[in-house]
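Close look at the chain arrangement
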Amino acid sequence: MYDIWVLVALGGVSVIAGFVDAVAGGGGLITIPALLWAGLPPLGAIATNKAQSIVGTTMAAWTYWRQGHVSILSLVPAIGAAFAGSLFGAIVVKQVDTSALEILVPVAVIAVALYFTFSPSIRDIDGAARLKFATFVPAFAFVIGFYDGLFGPGTGSFFMLAFVALFGLSAARASAHTKILNVVSNLAALIFFIIAGDVVWPVAIVMATGQILGGYLGAVTGIRYGAKIIRPLVIVVSIILAIKLLFFP
């Protein structure tokens, strides 16, 4: 059993994490340390984080969808590809050494931060797409989904970069599409954790409640303020994630 005040604190943390995640991704940077502080073992913290965060991501995705920022029908092939990629990555991770990613991923995440800092194409209206959406979004969804199942950190940043830089979506629409595919890629990994019995359900349920509120508020904020809030949050989250991976693996 967990102390009631520990659960209350984790619930509050999940509201903040859900908000940040709905706008820019990276909520795990807040919840994973909190779960470890609460005494969960590392694997239990990762599994429980997946279980609670997927609720906030789903709420954010639903809110963006209700406001007309994403068409589920147009994403059906990408949804299937993201799930298959993440499932494949979760299987492969048990058989390969992923230590090289601990260096490569921070470099890639810093590149994302630099792009969002200096690119003029991040705006509140759609721009010109460099690649055909129907053809290439499923391909990117599979690759990034595979990475999510294999390693994970920075998945939201990579989806955001692809939707903005390659498919010309506005900041809010890019965030909306990212949330949909994040839900799917997280679900594949979560299935493995549930089967293995790694999720600490009392903690996950309490935090999921906070994620509902945080995910909704974050999505509404992202829709209302667009690039003005999404751009700086993506930059900050990407830089913090890179520092964390480089110096506090």
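All of these numbers come straight from a predicted model, not from anything done at the bench.

1. Digging into the packing of helix 5 (residues 101–118) against helix 7 (residues 155–166)
Following both chains from N to C, one finds helix 5 and helix 7 inclined at 40°, their axes separated by 10 Å at the closest point. Relative to helix 7, the element helix 5 lies oblique. Crossing geometry of helix 5 relative to helix 7 is assigned as left-handed. Here helix 5 contributes Val-105, Ala-108, Val-109, Val-112, Tyr-115 and Phe-116 to the contact with helix 7, which in turn contributes Ser-157, Phe-158, Met-160, Leu-161, Val-164 and Ala-165. Looking at the contact of helix 5 with helix 7 residue by residue, the class counts come to eleven nonpolar, one polar and no charged.

2. Considerations on the packing of helix 5 against helix 10 (residues 227–247)
Remark: helix 5 packs on helix 10, axes separated minimally by 8 Å, with the N-to-C direction vectors making an angle of 160°. If you check the angle between helix 5 and helix 10, you find them roughly antiparallel. The crossing of helix 5 and helix 10 is left-handed. Every residue of helix 10 that contacts helix 5 at Glu-102, Val-105, Pro-106, Val-109, Ile-110, Val-112, Ala-113, Phe-116, Thr-117 and Phe-118 is listed here: Arg-231, Val-234, Ile-235, Ser-238, Ile-239, Leu-241, Ala-242, Leu-245 and Leu-246. Each residue belonging to the contact of helix 5 with helix 10 can be placed in one class, and the counts come to 15 nonpolar, two polar and two charged.

3. Quick look at the packing of aromatic side chains
Per the counting criterion, the structure on display carries nine aromatic pairs. Ring plane angle 70° and centroid distance 5.8 Å describe the contact between Phe-133 and Phe-167, whose orientation is recorded as edge-to-face. Placement of Phe-133 in helix 6 (residues 133–150) and of Phe-167 in the loop between helix 7 and helix 8 (171–196) is noted, with a sequence separation of 34 residues between them. Using a relative accessible area of 23% as the deciding quantity, one classes Phe-133 as partly exposed. Between the aromatic rings of Phe-163 and Phe-167, the centroid separation amounts to 6.2 Å while the plane-to-plane angle is 50°, which identifies the pairing as tilted.

4. Things to note about the UniProt feature "transmembrane region" (unreviewed entry) in the chain
The sites that UniProt annotates as "transmembrane region" (unreviewed entry) are residues 32–49, 70–93, 99–118, 130–150, 156–175, 187–209 and 229–248. Strand forms 0% of residues 32–49 and helix 78%; the C-alpha atoms that close the span are 7 Å apart. Along residues 187–209, the helical share is 83% and the strand share 0%, with 18 Å between the first and last C-alpha atoms.

5. What to know about empty space enclosed by the protein
Using the criterion set out here, one finds one cavity of 30 Å³ or more in the structure. Within this model, the largest cavity holds a volume of roughly 40 Å³. Taken together, Val-137, Phe-140, Ala-141, Phe-159, Ala-162, Phe-163, Phe-167 and Leu-181 form the lining of the largest cavity. Of all the secondary-structure elements, those providing two or more residues to the lining of the largest cavity are helix 6 and helix 7. Among the residues making up the lining of the largest cavity, the classes are represented as eight nonpolar, no polar and no charged.

6. Structural notes on the environment of Met-160
For Met-160, the position within the fold is in helix 7. Note on Met-160: relative accessible area 2%, which makes it buried. Ignoring any residue separated from it by four or fewer positions in sequence, one finds Met-160 in contact with Phe-116, Ala-171, Ala-174, Ser-175, Thr-178, Ile-230 and Val-234.

7. Looking at helix 2 (residues 28–37)
Spacing of three or four residues puts side chains on the same side of an α-helix, whose turn is 3.6 residues. The set of residues buried in helix 2 consists of Thr-31, Ala-34 and Leu-35. Along the long axis of helix 2, the arc covered by the buried residues comes to 100°, so they all point the same way. Just beyond helix 2, the residue with positive phi is Gly-39, at close to 100°.

8. Brief notes about helix 5
Compared with the 26 Å implied by 1.5 Å per residue over 18 residues, the 25 Å span of helix 5 between its first and last C-alpha is a close match. Residues Leu-101, Val-105, Pro-106, Val-109, Val-112, Ala-113 and Phe-116 constitute the buried set of helix 5. Take helix 5 and look down its axis: the buried residues cluster within an arc of 125°, on one side only. Among the exposed residues of helix 5, those oriented more than 90 degrees off its buried face are Ile-103, Leu-104, Val-107 and Phe-118. Packing partners of the buried residues in helix 5 comprise helix 6, helix 7 and helix 10.

9. Describing the environment of Pro-106
Residue position: Pro-106 is located in helix 5. In the structure, Pro-106 is positioned 59 residues away from Ala-47 in sequence and 22 Å away in space, judged by C-alpha atoms. Among all residues touching Pro-106, those that are not within four sequence positions of it are Leu-101, Ala-242, Leu-245 and Leu-246.

The rules behind these values
- Residues numbered from 1 in each chain as written.
- Predicted model: local features only at pLDDT ≥ 70, side-chain atom pairs only at ≥ 80, totals over all residues.
- Heavy atoms only, no water.
- Axes fitted to C-alpha atoms, helices over the stretch in contact; angles between N-to-C directions.
- Helix = DSSP H or I, 4+ residues; strand = E, 2+ residues; numbered from the N terminus.
- Parallel < 35°, antiparallel > 145°, perpendicular 65-115°, else oblique.
- Left-handed = near helix turned anticlockwise from the far one by under 90°.
- Contact = heavy atoms within 4.5 Å.
- Nonpolar A, V, L, I, M, F, W, Y, C, P; charged D, E, K, R; others polar.
- Phe/Tyr/Trp six-rings, centres within 6.5 Å; stacked < 30°, edge-to-face > 60°.
- Buried < 20%, exposed > 50% of the residue type's maximum accessible area, 1.4 Å probe, protein only.
- UniProt positions renumbered as here; feature names shortened; annotations may be inferred.
- 1 Å grid on protein atoms, 1.4 Å probe; cavity = no way out; pocket = protein on both sides within 12 Å on 5 of 7 lines; lining within 4 Å.
- Points joined across faces, edges and corners; volume = space filled by probe spheres on them.
- Arc of directions from axis to C-beta.
- Expected span 1.5 Å × (residues − 1).

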